[in-house]
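Residue strings, one per chain:
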Amino acid sequence: MDKDLVRQSLNYHGPALLNLLRNEQQEHAGFKQLLGDLSKWPQYRKERNVENPEIQQFIARKADLLFANSWTSNSQAKSETQEPTQGYYAVMPPMEQFMEVPSAHKKELFFRDLERGDIVIGRIKSIREFGFFMVLICTGSGVLRDIESLEINALCPLRDVPSQSSHGDPLSYYQIGDLIQGNM
């Protein structure tokens, strides 16, 4: 569980939420670790007149999902690890944005420069029981390319689709038209 998110919620809702969390999340390992840290945190503000205790009950029941570390953005982690001495600069758009490149040549350059592990971004075109098909839009690493006009189709098999939960169909989280980032 993300300590900062729990702390913000407890500071707002007060000790009543903490009692509900103790009752609902007693088996969650992440919350057990946080209980030890609660004594180090400053005292919560005094109890106020809560207009909607159902919200606190909802937060307590779904705390493992609401306060999961996966909700924190990757941009925060990247910005924290980036050294302040590095200069900031704009990412140069792909060459295709500045000049007319024939489609055949563009496709040849794309397949020549593409390597295993490169990031590609695409839009889901269709979903089948064995995976989904997507139309590639651009590359996100290595040599940046704008390839949407080439209409290159790619298959993302079911075995490569990350599971969003321990049960259920992983493809049920995706819809036609969703943008997907993946590795080649």
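Everything below is about the structure printed above this text.
None of the values given here were measured: they were computed from a predicted structure.

**Student:** Can you tell me about the nonpolar core, naming the residues and giving the values?
**Tutor:** If you look at the biggest cluster of nonpolar residues, it comprises 16 residues, and the most contacted ones within it are Phe110, Phe132, Met134, Leu136, Val161, Tyr174 and Ile180. When contributions to this core are tallied by element, the ones reaching two or more residues are β1 (119-128), β2 (131-139) and β3 (153-157). Sort the elements by how many residues they give to this core and β2 lands first, with three residues. Sequence-distant contacts of Phe110, defined by excluding residues within four places in its chain, comprise Leu136, Thr139, Arg145, Ile147 and Ile152. Counting 11 residues, the second-largest nonpolar core is a separate cluster that includes Leu18, Leu34, Ile59 and Ala63.

**Student:** How would you sum up the pattern of salt bridges? Please name residues and give values.
**Tutor:** Counted under the stated rule, the structure contains two salt bridges. One continuous salt-bridge network, built from bridges that share partners, spans Arg112, Asp113 and Arg145.

**Student:** Quick rundown of the packing of helix α2 (residues 15-24) against helix α4 (residues 53-61)? Include the residues and the values.
**Tutor:** Running from N to C, α2 and α4 point in directions that differ by 40°, and their axes come no closer than 8 Å. Comparing their axes, α4 and α2 come out oblique. Read as a crossing pair, α2 and α4 show a hand that is right-handed. Here Ala16, Leu17, Leu20, Leu21 and Glu24 of α2 lie close against α4, whose contacting residues are Gln56, Gln57, Ile59, Ala60 and Arg61.

**Student:** So what's going on with the packing of helix α1 (residues 3-13) against α2? Which residues, and what values?
**Tutor:** Packing of α1 against α2 brings their axes to within 6 Å, and their N-to-C directions diverge by 125°. Relative to α2, the element α1 is oriented oblique. Packed against α1, whose contacting residues are Ser9, Leu10 and His13, the element α2 presents Pro15, Ala16, Leu17, Leu18 and Leu21 at the interface. In terms of residue class, the contact of α1 with α2 is made up of six nonpolar, two polar and no charged.

**Student:** Break down the sheet that holds β1 for me, with residues and values.
**Tutor:** Strand order in this open sheet of four strands is β3-β2-β1-β4, and the pairing throughout is antiparallel. Of all strands in the sheet, those with a lone pairing partner are β3 and β4 (179-183), marking the two edges. Taking each pair of neighbouring strands and ignoring which way they run, the sheet shows an average axis angle of 45°. Sheet topology places β1 next to β4; five bridges connect them, and they run antiparallel. In the strand pairing of β4, Val120 is matched with Gly182.

Definitions and limits used
Residues numbered from 1 in each chain as written. Predicted model: local features only at pLDDT ≥ 70, side-chain atom pairs only at ≥ 80, totals over all residues. Heavy atoms only, no water. Core = buried A, V, L, I, M, F, W, Y, C linked by side-chain atoms within 4.5 Å. Buried < 20%, exposed > 50% of the residue type's maximum accessible area, 1.4 Å probe, protein only. Helix = DSSP H or I, 4+ residues; strand = E, 2+ residues; numbered from the N terminus. Contact = heavy atoms within 4.5 Å. Salt bridge = Lys/Arg side-chain N within 4 Å of Asp/Glu carboxyl O. Axes fitted to C-alpha atoms, helices over the stretch in contact; angles between N-to-C directions. Parallel < 35°, antiparallel > 145°, perpendicular 65-115°, else oblique. Left-handed = near helix turned anticlockwise from the far one by under 90°. Nonpolar A, V, L, I, M, F, W, Y, C, P; charged D, E, K, R; others polar. Pairing = 2+ DSSP bridges.

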